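# Report on the structure
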Amino acid sequence: MPVTLTPTLPRFAQIEPIGRCNLACRMCTVNERGDAVTELSIGRFAELLDQMPGLEELHLQGLGEPMLHRSFFEMVQMASARGIRVSTNTNLTLLTPERAVRCITSGLASISVSLDGASAAVYEAIRRKASFAKVLRNLGRLVDARDAAGSALAVRAVMVLMRSNLDELPALLRLLHAYRVPELLVQRLSNDLAQPQLPVRYIAIRDYVEDAELRADDLEHARAVFDEARRLAAELDVALHLPRLQPRATSPEPRDGPRCRWPWDQLYLTAAGEMLPCCMVATADRVSFGNVFGSKGAGPTPGGASAAGGLVERWHGDAAQAFRAALAEDEPLAVCRSCALYHGTF
């Protein structure tokens, strides 16, 4: 089946408000990133929304912690006022009582909280610089504000599954139930960074990920933990989403389309304006479709991003088309080769 290389702008976009973080999580590249680290201005954010009149859903988060951005809630409010459903993901370390209320009043539809363990020892070994006790305090603030307002704000937890925290999954379900969080999404490590010519700055992270990822001899135990977690989630009425433990089976029959549709159906922008193929790539030094604001994000193209139509130009540009054409082939691109999303285990 022919695959278009110039799809229409998608109804979903992920935009990174800020390119830095207050934590140093072991599996994350944010503090070693080799692309531009900046904040997206509220003006440029508005220009981007202007260029996506058909946008229906916006995930306002990238590698950086969104609540570090001083205008984060103004961005949420601006997008929500246009009828866009806005979600975010946060480590929740920066949530004050005032910000808990803003999560309700800004129009935010959904907030995911990174919580990779049910104990301080396990959680803090992964989320370095974070305090488990502080995060739980802030989680209490958030759900209290939600319930006091009778808000429909969807609050869920996200756990990155590793060998070190697998056994804490049932305890985490109990913890979330106690804090009135009705949903848990469990994800595998997104990418082991095993691409050729990986920038040297990422090698230590790659080595950590390789050691932390579930191995073949962990899978039987993981299945038993998953079975217990499913039973417990049903008992506690917590919606539990578990990943595949093994890659999805490949069919000898020709595929109906590309193995991964991210670069067709979803759009990702860093705070510096780099358009990436997907959220898994995370930094523009690995691969980029180009900058929607002009060269290296140093400034807007003449007349501003809106006048130049920089977003559509990059979405339909040569780099984007070449990436989609390669992704539609049977052999994965180097940057996709070890991606959990590509292999269906995310």
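Here is what the cut-offs are and how they apply
- Residues numbered from 1 in each chain as written.
- Predicted model: local features only at pLDDT ≥ 70, side-chain atom pairs only at ≥ 80, totals over all residues.
- Heavy atoms only, no water.
- Buried < 20%, exposed > 50% of the residue type's maximum accessible area, 1.4 Å probe, protein only.
- Helix = DSSP H or I, 4+ residues; strand = E, 2+ residues; numbered from the N terminus.
- Pairing = 2+ DSSP bridges.
- Right-handed = clockwise from strand over helix to strand, strands pointing away.
- Disulfide = S-S within 2.5 Å.
- pLDDT = per-residue confidence, 0-100.
- Contact = heavy atoms within 4.5 Å.
- Phe/Tyr/Trp six-rings, centres within 6.5 Å; stacked < 30°, edge-to-face > 60°.
- Lys NZ or Arg CZ within 6 Å of the ring centre and 35° of its normal.

## A closer look at the pairing of strand β4 (residues 110-114)
With five of five residues buried, β4 is to be regarded as a mostly interior element. What you see with β4 is no split at all: Ser-110, Ser-112 and Ser-114 on one side and Ile-111 and Val-113 on the other are buried throughout. Bridge count for strand β3 (residues 85-90) against β4 is four bridges, and the pairing is parallel. Residue pairing in the sheet places Asn-89 in a bridge with Ser-112 of β4. Between β3 and its parallel partner β4, the chain crosses via helix α3 (residues 97-105), and the hand of that crossover is right-handed. In terms of strand pairing, β4 meets strand β5 (residues 154-161) through five bridges, oriented parallel. Opposite Ile-111, over in β5, you have Val-155 as the bridge partner.

## A word on the state of the cysteines
Working definition of a disulfide: a covalent bond connecting the sulfur atoms of two cysteines. For the coordinates displayed, the defined rule picks out zero disulfides. Not part of a disulfide, Cys-336 finds its nearest cysteine sulfur in Cys-339, a span of 6.5 Å. With relative accessibility at 11%, the residue Cys-336 sits in the buried group.

## Things to note about unusual backbone geometry
Comment: phi is negative for the bulk of residues other than glycine, and the bulk of peptide bonds are trans. Phi at Lys-129 takes a positive value of approximately 80°, unusual for a residue other than glycine. As for its position among the elements, Lys-129 is in the loop between α4 (120-126) and α5 (132-149). Exposure remark for Lys-129: the relative accessible area of 71% places this residue in the exposed category. Its identity as a non-glycine residue notwithstanding, Ala-282 has a phi of 75°, on the positive side. Mapping Ala-282 onto the fold places it in the loop between β9 (274-276) and β10 (290-291).

## Considering the confidence of the model for the protein
For any part of a model where pLDDT is low, the fine detail of the predicted coordinates should not be relied upon. Per-residue confidence for the protein gives a mean pLDDT of 92, with 93% of residues at or over 70. Here residues 296-308 is a poorly scored stretch, pLDDT under 50, and it has 25 contacts once near neighbours within four places are set aside; other chains count.

## Examining the packing of aromatic side chains
With the rule as written, the count across this model stands at four aromatic pairs. Aromatic pair Phe-72 and Phe-73: ring centres 5.0 Å apart, planes at 70°, arrangement edge-to-face. Taking 5.4 Å as the distance between ring centres and 50° as the angle between the ring planes, the aromatic pair formed by Tyr-123 and Phe-132 counts as tilted. This pair shows no difference in class: Tyr-123 is buried, exactly as Phe-132 is. One cation-aromatic arrangement involves Arg-201 over Tyr-202; the distance from NZ or CZ to the ring centre is 5.7 Å. Over the ring of Trp-315 we find Arg-324, and its NZ or CZ is 4.4 Å from the ring centre.

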